[in-house]
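# Fold and geometry: a report
Here is how the chains run, residue by residue.
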Amino acid sequence: MKIKVTDKTSSTNLDLISGENLYNGENAFNNYFDDTTSLEVDLLNVASGIFAADLAVKRNELEDYIRTIEISIEVVNFHAFERIKDLLEEALFVLSSDNWTIRFIPIDGKPEESKDWPNKKGTVLLFSGGLDSLSGVVHFKNQKSDLVLVSHINQNRVVKASQEGVLKLLNEFYKTELPYFPYRVFGRNKGEFTFPTDVERENTQRTRSFLFLSLAALTARRVGFRKIISMAENGQFAIHLPLNPSRVGPFSTHTANPKFVDLAKEIFLKLLSLENLDIVNPFLYKTKGEVVGILDKEIANNANKSISCWKASRVSAKNHCGECIPCLSRRISLEYNGVHLDEYSRDLLTEKISSLNPEDNGKRNLIDFLEFISKFKGYSDSDLDNLMIHFPDLYNDSIDEKEALRMYSRMSIQAYKVFDNYPEVKKMM
């Protein structure tokens, strides 16, 4: 299968060939399930091709941050993919804020025949190895739900080790073997087939959640868990209001944005012909502190096996930089629940923050975060209209704005409680 990527911004082209410079997860899928259909292969190529294109086209700075990407993908089930093309382009725009144009090119092959797929109660959970997916497993185990875990693995050994470590922790705690389906998907150099090096790649990976959900949807169809595909992501990062105007749009991630989740559900319902398929986020209106709060103490005290930091493979063996927004949110959520872990390369909260250089990344992130939570201090529903002016992202049919703002208000209270323990942060407050 050939996928052609064109970056209109820089007028560069890239050819992706499944099995050569694109590893699309098909080998793993073939190992897990018999008789892989042409539609399943098509979706693996589409999802992995979009993910690889996202990595291959590096963003520029400032006003050139938004990219214009055209991608042509060969598929056997041409008419099936034409039906979801507009939905897919919209979903990718919501995820990445980029301009995507997708063209499907028909090729020879046998289209997938209709089939009655198994239909059982159960949950397919996206298992990233992060703190939220760890809590997601606990949430569904507490509900006595049958559970299957799906992971996306790239070439990041630290993330892979985290997924394996968290899985081992859960299996030992529950004295079971959770069904686990990891898929390796990434772009690579192979002989004459090239792919951008790490330095040349875009590191935001905005479209990864479409790949992740595609792997989960295909797995759900095969194992028969049609009712629920769960994306467990706390509300702070699912709704992900920008901390300030400089972080609006593509400068913030939208990986679990409720609008994207609704679009993805519609895409998979049409494409995979599964009437009862649903995608839910049980943590949509929960703070990260509340998500961590469901963990048993034994699991919470071993939460260092999970990873939240996007710099995990580029910092020390502790795997958390300690200065990015995900690290700050993680630390607040754990310490609010009485869990103190020595897992940060930088202990930002104990530094003399006021004396740091204004360009210091940790100081800048902390100030932005403090400014953000101050907007919700003493929040009541009567403040709704005023805050809606500051956060137009909440004008979204997929979001209950009152529940969202109440969640951010609780997050603010929890953060202030943790920061009360750090005199240098209190000075900044």
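Everything discussed here concerns the structure shown above.
Presented here is an overview of the structure given in this document.

## As for the sheet that holds strand 8 (residues 180-187)
The mixed open sheet is built from 6 strands, whose spatial order is 3-8-7-6-9-10. The open sheet is flanked by strand 3 (22-24) and strand 10 (279-280), the only strands paired with a single partner. Two strands pair when backbone bridges link them, and strand 6 (residues 123-126) and strand 9 (residues 228-230) are joined in this way by 3 bridges, in the parallel orientation. Within strand 9, the residue paired with Val 124 across the bridge is Ile 229. Sitting on the sheet, helix 5 (residues 131-142) touches strand 6, strand 7 (147-153) and strand 9, and the angle it makes with strand 6 is about 165°. Running over the sheet, helix 7 (residues 208-223) touches strand 6, strand 7, strand 8, strand 9 and strand 10 and is turned about 140° from strand 7.

## Some points on the pattern of salt bridges
Applying the stated rule across the entire model yields 33 salt bridges. Of the charged contacts in the structure, one is a salt bridge between Asp 54 and Arg 67, with a shortest N-O distance of 2.6 Å. Separated by 13 residues along the polypeptide, Asp 54 in helix 2 (residues 38-56) and Arg 67 in the loop between helix 2 and strand 4 (68-75) bring together distant segments of the chain. Each member of the pair, Asp 54 as well as Arg 67, carries the same accessibility label: buried. The closest approach of N and O atoms between Glu 351 and Arg 346, which form a salt bridge, is 2.7 Å. Taking the relative accessible area as the measure of exposure, Glu 351 reaches 23% and is therefore partly exposed. Using a relative accessible area of 15% as the deciding quantity, one classes Arg 346 as buried.

## Some remarks on the side chain of Glu 323
Checked against the element boundaries, Glu 323 lands in the loop between helix 11 (297-300) and helix 12 (325-336). When its relative accessible area of 13% is taken as the criterion, Glu 323 is described as buried. Polar contacts involving the side chain of Glu 323 include one to the side chain of Arg 346, which spans 2.7 Å. At 3.3 Å, the side chain of Glu 323 forms a polar contact with the side chain of Asn 361. The residues touching Glu 323, leaving out its near neighbours within four places in the chain, are Lys 311, Leu 328, Arg 346, Leu 348, Asn 361, Gly 362 and Asn 365.

## Let's talk about helix 15 (residues 401-419)
Taking 1.5 Å per residue, 19 residues should reach 27 Å; helix 15 reaches 27 Å between its end C-alpha atoms and fits that length. Within helix 15, burial applies to Ala 404, Leu 405, Met 407, Tyr 408, Ser 409, Met 411, Ser 412, Gln 414, Ala 415, Tyr 416, Val 418 and Phe 419. On its buried side, helix 15 packs onto helix 8 (235-239), helix 10 (288-292), helix 12, helix 13 (361-374), helix 14 (384-390) and helix 16 (423-428). Where helix 15 starts, the residue carrying a side-chain oxygen 3.2 Å from the main-chain nitrogen of Lys 402 turns out to be Asp 400.

## Looking at the pairing of strand 7
Among the 7 residues that make up strand 7, 7 are buried, leaving the element largely enclosed by the rest of the structure. A two-sided burial pattern is seen for strand 7, the buried positions comprising Leu 147, Leu 149, Ser 151 and Ile 153 on one face and Val 148, Val 150 and His 152 on the other. Alignment of strand 6 against strand 7, held across 4 bridges, turns out to be parallel. Among the inter-strand pairings, Thr 123 is bridged to a residue of strand 7, identified as Leu 147. Bridge count for strand 7 against strand 8 is 5 bridges, and the pairing is parallel. Along strand 8, the bridge assignment pairs His 152 with Tyr 183. In this region the chain leaves strand 7, passes through helix 6 (residues 157-174) and returns to the parallel neighbour strand 8; the handedness of that crossover is right-handed.

About the criteria used
- Residues numbered from 1 in each chain as written.
- Predicted model: local features only at pLDDT ≥ 70, side-chain atom pairs only at ≥ 80, totals over all residues.
- Heavy atoms only, no water.
- Pairing = 2+ DSSP bridges.
- Helix = DSSP H or I, 4+ residues; strand = E, 2+ residues; numbered from the N terminus.
- Contact = heavy atoms within 4.5 Å.
- Axes fitted to C-alpha atoms, helices over the stretch in contact; angles between N-to-C directions.
- Salt bridge = Lys/Arg side-chain N within 4 Å of Asp/Glu carboxyl O.
- Buried < 20%, exposed > 50% of the residue type's maximum accessible area, 1.4 Å probe, protein only.
- Polar contact = N/O pair within 3.5 Å; in protein donor to acceptor, adjacent residues only side chain to side chain.
- Expected span 1.5 Å × (residues − 1).
- Right-handed = clockwise from strand over helix to strand, strands pointing away.

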